Each structure stands twice: as C-alpha cells, then as structure tokens.
Amino acid sequence: MQDGGQGQALFEEMNKQPLRCRVQVILPIERPYDYLLPYGSDGIQVELEPGQVVMVPVGRRILPGVVWDGVADENVPLKKLKEIAEVSEVPTLREELRKFVEWVANYTLSPQGSVLKMALSVPQALENLVGQKLYRLVTDNPKEEGDADTGKPRLTSARQKVIDVITDSGGWTLADLAREAGVSSSVVKGLEKLGLIESYFDAPDFSFSVPKPDAVGPVLSPDQKAASDDLVSRVQDQAFSTVVLDGVTGSGKTEVYFEAIEAAIKEGRQALVLLPEIALSSQWLDRFKKRFGVAPAEWHSDLTPALRRKTWRAVAAGKAPVVVGARSALMLPYRDLGLIIVDEEHEGSFKQEDGVYYHARDMAVVRAKGCSCPIVLASATPALETMVNVQNGRYERLILPGRHGGAGMPDVELIDLRFDKPERLQSGPGWLSQALRGAIRQTLEAGEQAMLFLNRRGYAPLTLCRTCGHRLQCPHCTAWLVEHRRFRRLQCHHCGFSASLPENCPSCEAEDSLVPCGPGVERIVEEAKLLFPEANVALMASDTMTSPAATKAMVDRIQNREVNLLVGTQVVAKGYHFPFLTLVGVVDADLGLFGGDLRAAERTFQLLHQVAGRAGRAEHKGRVLLQTSDPKHPVMQTLKEGDRDKFLEIEAETRARGHLPPFGRLAAVIVSGPDESELDNFCASLARSIPQIDGAQILGPAPAPLALLRGKFRRRFLIMSKRTIAPQGIARSWLAQLKAPSRIKVIVDIDPYSFL
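Residues numbered from 1 in each chain as written. Predicted model: local features only at pLDDT ≥ 70, side-chain atom pairs only at ≥ 80, totals over all residues. Heavy atoms only, no water.

**Points about the pairing of strand β28 (residues 623-628)**
Okay, step 1: The buried fraction of β28 amounts to five of the six residues, a majority that puts the element mostly inside the structure.
Okay, step 2: Inspection of the sheet shows strand β18 (residues 411-416) paired to β28 by six bridges, in the parallel sense. Paired with Leu414 across the strands is Leu626, a residue of β28. (Buried < 20%, exposed > 50% of the residue type's maximum accessible area, 1.4 Å probe, protein only. Helix = DSSP H or I, 4+ residues; strand = E, 2+ residues; numbered from the N terminus. Pairing = 2+ DSSP bridges.)

Written out as structure tokens, the structure reads:
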C-alpha cells in the first residue's frame, strides 16, 4: 500500500499544469515554436534542457528540432500545443552553437530555422541507434596465411581499400563499410575470414583516430619557428584572437599552422581547417597524414551518406580531433573547438550564395570568439578587408617573407599582345604568342614542366553563326552556351542546361555556319598538342577533376613527371606543389579585370599571383609570362614588380573614394520571379517605398547582369551605407512594408561578393 506522502506527491504531479518548452525547428521560420514536454513510461513529463535534439510534429510531418533557450508562452492554450515525439540520443548542442545560430540569422537576415538546418544537416545522424554487428581492425596475427614468402595475407586493391577505411575510423556496419570502400560485402567478409578484421556487436563507434601529437615535422626556418611558437602559445592560452598568417607562395604556411593543430590536440580540443576546395586538396590531405600518421575527418559534398553520418556524430561527441572541410564544416556541432584555420582566406568560394547567404571566413571569426579560441587566416594574398582589419588593430599579423628551403620567387614578365600577336594556325586562330611558345619549348627541352593557365572552362565561350550572326544562348539564362568539345555538348555554366551542338543554325538554318569564338582551356590543349607534339599534355579543370580520386590521380601524374605541359583553370592555383614546374604562362591575364565587379582588380591580382606562385617552388628558378593587352594596368605592373602591398594601397584608395567595402557597407536585394511583368510591378512598388536615410542610399531596381537565371527573371537593388550604418536594419524595415506575391522571391545578400 502506498503511503500518504507518496500518494499526495503523485496526485500533485498528475494535476499540475503540463510543462512546455521552446523548440527551434529546421524550417525557414524566424523563431521557435512551443511544444509540450514528452511523457515517460511512468506518466511523468521528461524534463529537457536547452540544446537537446528532438523530433517534433509539424503539420503531418515529424521534423528535427532543438530545445531552445527562453521560456515558452504560458498564455497559449494547451489544445494548440503538440507533444514532442522523440528525444534524440545525440549530444546536446552547446550554448555556443545556439548563440552562433542566432547571430548568423540576425546578421544575414535569414530565418533562424534555416541556419539551424545547416548545423543539423544530416538527418540520419539524429536517429537513435541500437546495437548492431560492426567491424574493426585486428592488430593480432591473422588466422590464415595467404603469401608463402611473407607469411601475410595477400591484399588485393579491393581489400586494401577496406583496410584503409577501417584504419582511419572503425565501428562500421557491413553495408556502410562496403559502400565507403567501394567494394562488395564479400570483400569485407573475406577479410574477416583472414583475421584482418573482426566483427562485434555494439552501437556504432562514431570516432576517428587521434593524430599523433608528438609526430616529428620538418625542420622549420627561423621565421616559421617564430610564427609557429606564436600560434602555439595562443592555442595554449585558450583565448580568442584573430591572426593573419601572411606568407608568400611556398613559404610553408601549412607546416606552421600544423604546429598549432598539434598544440590543440595536446590540449584535448578540436581543430577545424577550412579549405576553399576540399575536394581538390589531395596534396593537403597527404601532407597531413604524413605529418600526423592518420587522416583527418573530412567534411564536404562528396562524402557518402554513411561517412557524413559518422563524421557528424564524431564531431558532436568530440571524437573527431581534426576536421578539414569546405565552408559548411563551420556549422558542425563541435564539442570543444580549440582552433580554426581558414586557408586561402581570400578565396571567393568561402561565400555561400544559396539558401543562407554568408561568408565563411567572417562567420568563422565570430564562431572562434564564441568558442574562446584563436583563428588563423592564412594567405599569400590576403583580402583587402582582412588587411584593413590588420591596420585598424582588429587582427594581428604574422609574416613569412621568404620561400621555404631558400627557393626564390619567380620572375614575372609581361607579353604585350598588341605587338606580339599569336599567329594563326592551320586549324584556326592561335592564342599563344611567339614569346610564350619559345619559353615553353625551352622549358620542355630542359626536361622541366610548364603550365598554361586560362580561367575559362570548355572549348569556346561563344558559338555564333557566320551567316546571320545568331549566338547560341541558354534558354533559361541570360548567358551564352559554352562548347565542350570533349563531350560534344553545349553547356550553360549557370544552370547546367546541356544540349548537343546543332548541325544547322537554329535561326537561319544555314549548314556548317556555326563557329567557336574565343578560347577555353580545351582549345588551348588543342593548340598545345599541335605546337608541341612531343609533349605530354594534360588538362586540369573542374570538368575533369570530378572527384578527389580523379584529382589525386592527376596530381600524382604531374608529380611523377608523366605530364610536362599542364593546361588548367583556377583549380591549378589551389596550393599545389610541383617541384619541376618552372614556367607558368597566362593565356589571357586581362580576363576578369572588367565587368563592373568592385573586386575585379583584387580578384584578378590574387588569382594571377597564386597561379604565378606555382612556378619555381624548388631548386629550379621559376618564370611567369602574362599575356595582356593592357600592360600599363596597375594589376599587371604590380604583378611584374612583385609588389603586393603597392597593389593593395592603390586598391584601397580607389575603394575609399567610392565609399565601397571595406570603407562602406553594401547589401544586395535580389528580387526574382517567373513573370516579368509581375516582377517589375512589385519592384516598382518597392522603389516607391525606398526610405530616405542620412548616410545611406538605395539604388535600383535594375536588371541583374544575369537578368534571366534558371527560368526566373531577376532585378537588383543595392543598399549603400557608411561604415558606421548597418544595412541590415535598413533592409529589414524597408522590406517589411510590402509583402511579396507568392511567386516572387526576395533575397537579401549582406556584404555581397557577386554582382551577377
């Protein structure tokens, strides 16, 4: 029989007001919803704390959400509230991450639920898991012998793939392990039979091997040692600071921040390295594994679903010591982040222009502050915004003035295309000047490697009819179709539309009248093979480097000197080290200088400087030839002189005169819709409601340069304000005056990087 005290307590528990909490759901909504706490098997509500991941009913769906900070509204009638459906067993999202989500949403004017969705980007990782049959590596002697000479089992390439996967991180199910290694399940079972791996029954082990914290790295130069000591002390202090690691190409910035990563590992904290092109960074991954003995956890779009789930859970549990990833890795739920590295911090690919518009470099600084950890911005060509922050004392700066190992910087020469015009070939126009042809021939005869750079994919950027002048355009975008002769297709590089090259002109139906205009890298490859038939020519572009494996294979070919003439787009500028590459020829150095982009000159300088940095990185002297029709342009002159700081000074003066970033603030408002008339009417209404604000103005509407994109018509407004006036408040109050029709989408891009 129950005593009176217990009975009274139970009665009070059953009759008190049901408890409720706030839950932020991963929908494009501005604020959390209120829910009832779930009931346990004993009929008593389960208390939850902020940060716990839950599954909640939204309409007819069950969606992930997070118990959010704050108090639920007690005035909402109980009958309107739904009960939390399930509580996930994943680790609680820390207060630091929840505040970061709120900050990003407020800064970018994005729904808070959309930002949270980036943190909970792997729904499968949120599922509660029971014990399963898993596989791990066996360190004891194998059961069977497969090789009479060595006494060890024979490892086929398929078996080695499984061993590689399970060595870096154990605890795989049979299906996931086979899928991750790209083999059949029979290969896994065969390894178990040999005794090289074993099965066991448990919950999946979401963890990655810990890098060796005392691994011996290369001998650092005095400048490198001073910089690494500074970074190590910052990691050990466990305090926020922003440091710009400013070093010339080939100065060993990676080895310097590897020392800081080692310090974070010793402190028992996690390190995050953001790279602009994670799928193209095979050399970086090889260097990391050589330095620390194991591979880091990777985070990018090419991961399999199984590895994405494993990595997310490992990060959340603090069992992924080092994560290297693309910009989305910034949003992962780290257990204890102790260091952030943003490599090639100037790269425009750190800006996300889909969904939530944000710049990963700038948001990484905010996250580092919330985690009380240092952040390192590494680059040979830091962004102007970054250097202004250094000058203003917001960031500190460490300088690596020389190349590692005593290698010198390459000599840069300008080829004036007005006087050294490329000769016509039998097959059509030529694009390589006599000076560049001679330099390539000389380099190949010396047994060294040369590279031709053109930042334009495909064979030709435009195809037109020589009879009527018709130009082949994308039916869904304001863009010309690019010919890709390798695939015998025409392609739009903005929406992905693809079509075969027609035999007749679509306009006048003239036969054999379509001609390619201008060069792409495929056309340069064609010319290179014609001029240098003895050369081993290879193409390196995003069209050919479709996976990390393909990239690694190409990098290995170049390092093994199976290629001596490389043709590439901007993917070749991503920090690759080819010791025998001594000549870089830029086919069109003026490409990208014009078009109305406020950062056109800066981007061109950075790209060409990085490309030039591929030459002469070892004992052989490097040489860079830039083909240009405007050799007097400040970009060309400062590249020739090797005076980056002078370029930044000129660029800063130009921007300051126009009150442009970083000396002013910008926000773009992009309005799009399928009906052009409806779109223009709404934009006219927006224009009539533009507020008058001291220190700020709103320009527009104007057709976007890509006025039609993916079948949607587009118009742009531009908010320009003084540095002291935040454009977010202006955009928020102005756009709140009018509700957009259902078919019209309004996007706000704070601090825009693209003006298309």
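Moving on from the coordinates now.
**Quick look at the sheet that holds strand β26 (residues 565-568)**
Strand pairs in the sheet, formed through backbone hydrogen bonds, run parallel or antiparallel to each other.
Okay, step 1: The strand order β18-β28-β27-β19-β26-β25 describes an open sheet built from six strands, whose pairing is parallel. Strands at the two margins of the open sheet, each flanked by one partner only, are β18 and β25 (537-540). Each strand axis lies, on average, 20° off the axis of its neighbour in the sheet, ignoring direction.
Okay, step 2: Direction of pairing for strand β19 (residues 449-453) relative to β26: parallel, over a ladder of four bridges. In the sheet register, Phe453 faces β26, and the bridge partner there is Gly568.
Okay, step 3: Packing against the sheet, helix α13 (residues 434-445) makes contact with β18, β19, β26, β27 (581-586) and β28, and its axis sits at approximately 160° to β28.
Okay, step 4: Contacting β19, β27 and β28, helix α16 (residues 600-612) crosses the sheet at an angle of about 165° to β19. (Axes fitted to C-alpha atoms, helices over the stretch in contact; angles between N-to-C directions. Contact = heavy atoms within 4.5 Å.)

**Concerning the pattern of salt bridges**
Okay, step 1: For the structure on display, the rule yields 42 salt bridges.
Okay, step 2: The shortest N-O distance in the salt bridge between Glu259 and Arg291 comes to 2.7 Å. Of the two residues, Glu259 is situated in helix α8 (residues 253-266) and Arg291 in helix α9 (residues 282-292); the sequence distance between them amounts to 32 residues.
Okay, step 3: The salt bridge involving Asp286 is made with Lys552; its shortest N-O contact spans 4.0 Å. Here Asp286 is found in helix α9, whereas its partner Lys552 is found in helix α15 (residues 548-559), with 266 residues between them in sequence.
Okay, step 4: By sharing partners, the salt bridges in this structure join Asp246, Arg397, Arg644 and Asp645 into a single network. (Salt bridge = Lys/Arg side-chain N within 4 Å of Asp/Glu carboxyl O.)

**Let's talk about unusual backbone geometry**
Okay, step 1: For the peptide bond that leads from Pro661 to Pro662, omega is 5°, which places it in the cis range.
Okay, step 2: If you trace the backbone, Pro662 turns up in the loop between α18 (644-657) and β29 (664-673).
Okay, step 3: That bond from Gly700 to Pro701 is cis: its omega, 5°, falls within 30 degrees of zero.
Okay, step 4: Tracing the backbone through its elements, the reader meets Pro701 in strand β30 (residues 696-709).
Okay, step 5: Of note in this structure, Leu109 is not a glycine but carries a positive phi near 60°.
Okay, step 6: With respect to the helices and strands, Leu109 occurs in the loop between α2 (95-108) and α3 (112-119).

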